[in-house]
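# Tertiary structure, described
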Amino acid sequence: MNDRQLPLFAGTDLAERIENAERTLISEAAEAAARRRPEGRCFATPLAGGVAAWAGEGSPLNKVAGLGFGGAVDEAELAAIERAYAERGAPVQVELSTAGEPSIGALLTRRGYVLMGFENVLALALAPGREAVLARSVEIRDSPESEFDLWLDLVVTGFASPDTQGVASHEEFPREVMASAMRDCMAASGFLRSLALHEGVPAGGGSLRLHAGVAQLCGAATVPAYRRRGIQSSLLEARLAAAAAAGSEVAVVTTQPGSKSQQNVQRQGFELVYARAVLVRAA
């Protein structure tokens, strides 16, 4: 059977697997930040089955992730986490799955958290033997450590000029902050990097993280001059084929609601499995 036709039930078991993958990614990235900047007071603290992380001032890794699948949140533990962020002059941002423990949202709102928006989590069941179909004149290959700086520059340049379709994110990050966060993420376990070339010229890149049968598509970007040439779809195809070959059972991507990224992955058969509410408590 074609893997794009496999049914995918968006149940709590699937959501827990995806949130666990996200939790370990954020945790390992924050730990990498702590190793790179031991004076930076970075932390990754367990909280109710999830993790609260701080990886440096303004980092996109500064968040609480994976809550909702380890029971209710202990209010005293949450208060200690809030103090840790406050000591760093940072807000507390919780990304809370709609498939998780419902009491957590009520607790957060009682403590002054404000709903800032949503992000969509989409998934695709994978079957062995999936093959990548690439656009004409596009080549996708593995990107070794020796060209990491090239890969990083391409991806950060692409992310710096996002598409404007759909609901805008409430966050924006300077180029140097985004690059630093991506370095920390790439130190997490299970990452593969892809470089995209158009007629032999480097034009974009993407990453894939393999964790316990879940393939996280952790972002792909094309530099503005090479957009609308099939590079994004080719990066997606190549990473899905690599994930299937590695034995992953499901591929996952997170997008802004109604975005071009969401449209692209839904064309490949991804289904919306749940959303995350983004709740923020000011510093």
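As a reminder, the structure under discussion sits directly above these lines.
Residues numbered from 1 in each chain as written. Predicted model: local features only at pLDDT ≥ 70, side-chain atom pairs only at ≥ 80, totals over all residues. Heavy atoms only, no water.

## Quick word on the environment of leucine 96
Relative to the helices and strands, leucine 96 resides in strand β4 (residues 92-97). Residue leucine 96 is classed as buried on the basis of its relative accessible area, which comes to 8%. Considering only alpha carbons, one finds leucine 96 and glycine 66, 30 residues apart in sequence, at a separation of 7.2 Å. Discounting residues that sit within four places of it in the chain, leucine 96 has contacts with Leu67, Ile104, Gly105, Leu108, Ala275, Arg276, Ala277 and Leu279. (Helix = DSSP H or I, 4+ residues; strand = E, 2+ residues; numbered from the N terminus. Buried < 20%, exposed > 50% of the residue type's maximum accessible area, 1.4 Å probe, protein only. Contact = heavy atoms within 4.5 Å.)

## Some remarks on the packing of aromatic side chains
Inspection of every chain in the model, using the stated rule, returns two aromatic pairs. Between phenylalanine 43 and tyrosine 85 the ring centres are 5.3 Å apart and the planes differ by 75°, which places this aromatic pair in the edge-to-face class. Of this pair, phenylalanine 43 sits in strand β1 (residues 43-47) while tyrosine 85 is found in helix α2 (residues 75-87), placing the two residues 42 residues apart along the sequence. The exposure classification of phenylalanine 43 matches that of tyrosine 85, with both residues buried. Positioned above the aromatic ring of tryptophan 54, the side-chain terminus of arginine 88 is 5.6 Å from the ring centre. (Phe/Tyr/Trp six-rings, centres within 6.5 Å; stacked < 30°, edge-to-face > 60°. Lys NZ or Arg CZ within 6 Å of the ring centre and 35° of its normal.)

## Quick word on unusual backbone geometry
In the Ramachandran plot, alanine 48 falls in the positive-phi region, its phi being about 50° despite a non-glycine side chain. The residue alanine 48 is located in the loop between β1 and β2 (50-54) in this model. Since its relative accessible area comes to 15%, alanine 48 is described here as buried. Despite not being glycine, glutamate 199 shows a phi value in the positive range, around 50°. Mapped onto the fold, glutamate 199 is located in the loop between β7 (191-198) and β8 (201-211). Looking at glutamate 199, the relative accessible area reads 61%, which means it is exposed.

## With respect to the environment of alanine 203
The topology assignment puts alanine 203 in strand β8. For alanine 203, a relative accessible area of 0% translates into the label buried. When near neighbours in sequence (up to four residues on either side) are disregarded, alanine 203 contacts Leu154, Ala196, Leu197, His198, Ala221, Thr222, Val223, Tyr226 and Ile231.

## What about helix α6 (residues 231-245)?
The first and last C-alpha atoms of α6 sit 21 Å apart over 15 residues, in line with the 21 Å expected at 1.5 Å per residue. Counting buried positions along α6 yields 11 of 15 residues, so the element is predominantly enclosed. Along α6, the residues classified as buried are Ile231, Ser234, Leu235, Leu236, Glu237, Ala238, Arg239, Leu240, Ala241, Ala243 and Ala244. (Expected span 1.5 Å × (residues − 1).)

## Remarks on the packing of helix α1 (residues 12-36) against helix α5 (residues 175-186)
Where α1 meets α5, the closest approach of the two axes is 7 Å, and the angle between their N-to-C directions is 110°. Overall, the two elements α1 and α5 adopt an arrangement that is roughly perpendicular. Here the hand of the crossing between α1 and α5 comes out right-handed. Together, Leu25, Ala29, Ala32, Ala33 and Arg36 of α1 and Ser180, Arg183, Asp184 and Cys185 of α5 make up the contact between the two elements. (Axes fitted to C-alpha atoms, helices over the stretch in contact; angles between N-to-C directions. Parallel < 35°, antiparallel > 145°, perpendicular 65-115°, else oblique. Left-handed = near helix turned anticlockwise from the far one by under 90°.)

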